[in-house]
Each structure stands twice: as structure tokens, then as C-alpha cells.
Amino acid sequence: MLQKCIKCGKTYDVDEIIYTCECGGLLEIVYDYEEIKNRISKETLRKRQIGVWRYLEYLPVKDERKIVTLFEGGTPLYRCKNLEKELGVKELYVKNEGANPTGSFKDRGMTVGVTRANELGVEVVGCASTGNTSASLAAYSARSGKKCIVLLPEGKVALGKLAQAMFYGAKVIQINGNFDDALEMVKQLAREKLIYLLNSINPFRLEGQKTIGFEICDQLNWQVPDRVIVPVGNAGNISAIWKGFREFEATGIIDELPKMTGIQAEGAKPIVEAFKRKAKDITPYKNPETIATAIRIGNPVNAPKALEAIYSSGGYAEAVSDEEIVEAQKLLARKEGIFVEPASASSIAGLKKLLDEGIIDRDERIVCITTGHGLKDPDAAIRASEEPIKIECDIDVLKKILKED
Ligand code: AN7
């Protein structure tokens, strides 16, 4: 188990606190896959409770007693028959990450990232966040007795997420800037060793998030979907999920791979633009803007990993408008009973758009990832809904309304 640069291949011990390689490249955690293959089988995995820690051998933990968990992962994979009919597709699933302990997929990363912090013996952790990362880190640092500092873009964090970060007891700092500015600031704190940084530039966090890929295979009875559609912001999650599929392939659990498809918002789509130029580098957005505040990110740090995942899987990247996002959010709630936050609905909006464009085949087996719970952003949901009907306490009026459609 080592940290390895994806650019120059240099390796580092896992106990070295370093977020990027000396050459500037991103790091990833690599294992001895032959050894994992010898230790693990589908049957042994199945004997354990589903969730992130079912896949222990694939995770960068030395001392199991140091694990910090709120029982993350094991989220439902819903077959969506009503949406299949609505969109005209054969086999569609939604992997609902809103069902995690703090309501987003970030918990998968934080259980591993904060466990690593525990093993390293660090006392202060921190992150920049569009909201969910801060809520999750605040919870896991509370559980492990660490001090937690979060930097948020003022006025651009959904109410539920802000409430969580404050209530779990983090030191919440709002900056007069966007997420990208906040990330630069916490990176500086990390370089000066004032905090242990738990944004997705930290490769240990992505190790937890790769279990989304593991669980999809597990829940499909070891079959692999043709395509996985993921909302993209800082681009960690799509990279992590791809790594999960690749590692299941490397250890003989599966023998096919899905097409990784990333969806961004129109107002924050540097990865989509790079993909359409067939480039490996992005041009950052200075002023990203979208109703999907979770993915209001202009300079995604994991862009090289995400573009590699998209290119090498034969996937795709597309952007959707705020209107398309809200439509998809409503559709998912009204057709399937699944309430997700706007950023999450971008995967459904992207599916719809790519079907219309003829990029996605209607016969594919598709999994859309919904990354965060609808209650995270009650303002967005209320804005997109009709006003409730108000009446006096009059049963006859009520009966009349009941007859209306
Ligand atoms: C619901 O919380 O970046 O592409 O600081 O909250 O891995 O960044 C959130 C990201 C998608 C994008 N959906 O994931 C943060 C933050 C939801 C999110 C994303 C986020 P990445």
C-alpha cells in the first residue's frame, strides 16, 4: 500500500502527509492487487454487512481499531421502472447516496479520511466546501474528538448543509469568495501543517468513495452496468468510482467496465469543455454559477483523474441547464419517490439530454448516482414547488378541494 503520483509514478509511504507529488501531480493509493485477490472472494465479501467497510481489504487502513464510522454506504440501488417508461430506456437504476448518515456520498470518503487522520494522530482537520463536505467532516470529526475548521462561500451554501456543519460543532468560516478561493486558502493552511486537509485532493478520501463502484456491482449480483452517470464538481467522485470498478476488475471480481459519464451544470462546466476539445487539461471558470450550489466549482482539482476515467472508459461529459436540473429533480421525486438535491438531479437531467442527443443507447443498463439528499436544500425545493393551499378549518371547503385534480 503506497501513495503514487498519477503523473510521474513516484511513490510515497502512506504515513507521509503530502497531498500532491513533488512534480505537482495528483496522488492515488495503490495496493498489491494479487494479494487482495488471494484474500478475498465474492462469498467472503457477502458475509459482511453491506457498506464501506465490507471492502476492508481494498481500503488504506493499518489499524482497524482506529476506524471512525457512522455506518456509511450500503445505500439503496433502486430500479426505476416509472422513469424507464418516462424516458424510454430498458434498465435504469438510481444509487441514492442521500441515504448516507449525513445525507451525502461524502460520508464514504470521510469515514476513510478521518480514520487516516486518526492513525496519523492529527488533531485538527479542515476543508473548503460547497456544503456537503463540511457537513460530513464536521460529523466525523465530532465522532473522533477532533477539532474541525470549514471554509464556505458565503451565501452560496444550502441551508441544511450549513445547519449540519454548525450543529456538529465545527468552526464555520464564511469567506467573501467562491469554493475555489476557499480551497486555495485551506491548501495553504495544510502546506503549513496547521490542518490535515480533507478535501478530495486527499487521496485517502477517494478510497472510501470508490466503494460506490463496489456496491453497484455487489447489488447487481456482480454484474456491471453499461454506464454510470455522475454529477461532477471537484471531480473526485467520478474518479473514485472508476477506481473502484478498475480494482474489482484487477482482483477478478468483475470482467467488464462501465462507461463513466460526468454531468456538470452549464455555468460551471470546465470538464465538459475539455472533453469536447478532446483535451486533458481544463480551462478554469473564474465565476462559476448554478442553482446546483454543490457543484458550483470552477477549477476542479481532480480534473486529470476524471478526464482519464471518462476517456479510458469510453464515457462522455455533458452539461445541463438549471432548468433541466430542476425538471429532473421534480421528475425523480414525482415518478419514483426519491428526493434529491439539485446537484444530484444533474445525473438524471444528463441522462435525459444524452438520450435525446443519441449518445446513450436506450438498451443500456444505466446507473445514475444521486449524490445528496433533497432536504439539504429546502429553499431550492420550495422555490420549485407550488404554494400550499391555505383554508380556514372548514370541512366543506376541504371536501371541495379534494374533488379538484
Ligand atoms: C451533492 O461539499 O465539493 O465531483 O465541498 O455535494 O466529487 O466534487 C460537493 C460536491 C456532487 C460533486 N453532488 O462531487 C463540497 C463539494 C453533491 C455534492 C458533488 C458534490 P465531486
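Residues numbered from 1 in each chain as written. Predicted model: local features only at pLDDT ≥ 70, side-chain atom pairs only at ≥ 80, totals over all residues. Heavy atoms only, no water.

Please explain the pairing of strand β6 (residues 124-128) as it appears in this structure.
Both faces of the sheet carry side chains from a regular strand, because those side chains alternate between them. β6 sits mainly inside the fold: four of its five residues count as buried. Across five bridges, the pairing between β6 and strand β7 (residues 147-153) is parallel. Counted as the bridge partner of Val125 is Cys148 from β7. Handedness of the crossover joining β6 and β7 through helix α5 (residues 132-143) is recorded here as right-handed. The pairing of β6 with strand β9 (residues 196-197) spans two bridges and is classified as parallel. Its bridge partner being in β9, Val125 is matched across the sheet by Tyr196. (Buried < 20%, exposed > 50% of the residue type's maximum accessible area, 1.4 Å probe, protein only. Helix = DSSP H or I, 4+ residues; strand = E, 2+ residues; numbered from the N terminus. Pairing = 2+ DSSP bridges. Right-handed = clockwise from strand over helix to strand, strands pointing away.)

Explain the packing of aromatic side chains here, please?
Two aromatic rings are characterised by how far apart their centres lie and by the angle between their planes. Under the definition given, this model contains ten aromatic pairs. Look at Phe275 and Tyr316: their rings are 4.9 Å apart centre to centre, the planes differ by 65°, and that puts the pair in the edge-to-face class. In this pair, Phe275 sits in helix α11 (residues 270-276) while Tyr316 sits in strand β12 (residues 316-320), placing the two residues 41 residues apart along the sequence. By relative accessible area, Tyr316 is classed as buried at 18%. Aromatic rings pair up to connect Tyr55, Tyr58, Phe214, Trp222 and Phe248 into one cluster. For the cation-ring pair, Arg116 lies above Phe204, with the distance from its terminal atom to the ring centre recorded as 5.2 Å. (Phe/Tyr/Trp six-rings, centres within 6.5 Å; stacked < 30°, edge-to-face > 60°. Lys NZ or Arg CZ within 6 Å of the ring centre and 35° of its normal.)

Honestly, the nonpolar core in this entry has me stumped. Any pointers?
If you look at soluble globular proteins, the nonpolar side chains tend to sit buried side by side. Counting residues in each nonpolar core, the largest one holds 112 residues, and the members touching the most others are Leu92, Phe245, Phe248, Ile271 and Leu351. Residue contributions to this core peak at seven residues, all from helix α14 (residues 342-356). Setting aside residues up to four positions removed in sequence, Phe245 forms contacts with Gly213, Ile216, Cys217, Val224, Pro225, Val228, Ile254, Leu257, Pro258 and Met260. (Core = buried A, V, L, I, M, F, W, Y, C linked by side-chain atoms within 4.5 Å. Contact = heavy atoms within 4.5 Å.)

Teacher, can you tell me more about the sheet that holds β7 here?
Sheet strands associate in pairs through backbone hydrogen bonding, adopting either a parallel or an antiparallel arrangement. Read from one edge of the open sheet, four strands run β8-β7-β6-β9, paired in parallel fashion. The two strands at the open ends of the sheet, each matched to only one other strand, are β8 (171-175) and β9.

Would you explain the pairing of β8 in this entry?
Pairing analysis gives five bridges linking β7 to β8, with the strands arranged parallel. Bridging across to β8, Ile149 finds its partner in Lys171. A crossover connection joins β7 to the parallel β8 through helix α6 (residues 159-167); in handedness this β-α-β unit is right-handed.

Where do I start with the site of the ligand in this structure?
Taken together, 22 residues surround the ligand, and among them Asn132, Thr133, Asn234, Ala235 and Thr371 come closest. Gly233 is positioned with one of its backbone polar atoms (N or O) 2.8 Å from an oxygen atom of the ligand. Here an oxygen atom of the ligand and a backbone polar atom of Ala235 are 2.7 Å apart. Protein coverage of the free-state accessible area of the ligand, which is 470 Å², stands at 99%. Those elements giving two or more residues to the shell around the ligand turn out to be α5 and α10 (236-250). Looking at the shell around the ligand, its residues break down into nine nonpolar, eleven polar and two charged. (Near = heavy atom within 4 Å. Polar contact = N/O pair within 3.5 Å; in protein donor to acceptor, adjacent residues only side chain to side chain. Areas by Shrake-Rupley, 256 points an atom, 1.4 Å probe, with all protein chains shown as cover. Nonpolar A, V, L, I, M, F, W, Y, C, P; charged D, E, K, R; others polar.)

Mind showing me how you'd approach a negative patch on the surface here?
A contiguous patch of negative charge, built from Asp226, Glu249, Asp255, Glu256, Asp361 and Asp363, is present on the exposed surface. Within the secondary structure, Glu249 sits in helix α10. Note on Glu249: relative accessible area 32%, which makes it partly exposed. (Patch = residues over 30% accessible without salt bridge, like charges linked within 9 Å, V, L, I, M, F, W, Y side chains within 5 Å. Salt bridge = Lys/Arg side-chain N within 4 Å of Asp/Glu carboxyl O. Lys, Arg positive; Asp, Glu negative; His and termini not counted. Charge placed at Lys NZ, Arg CZ, Asp CG, Glu CD.)

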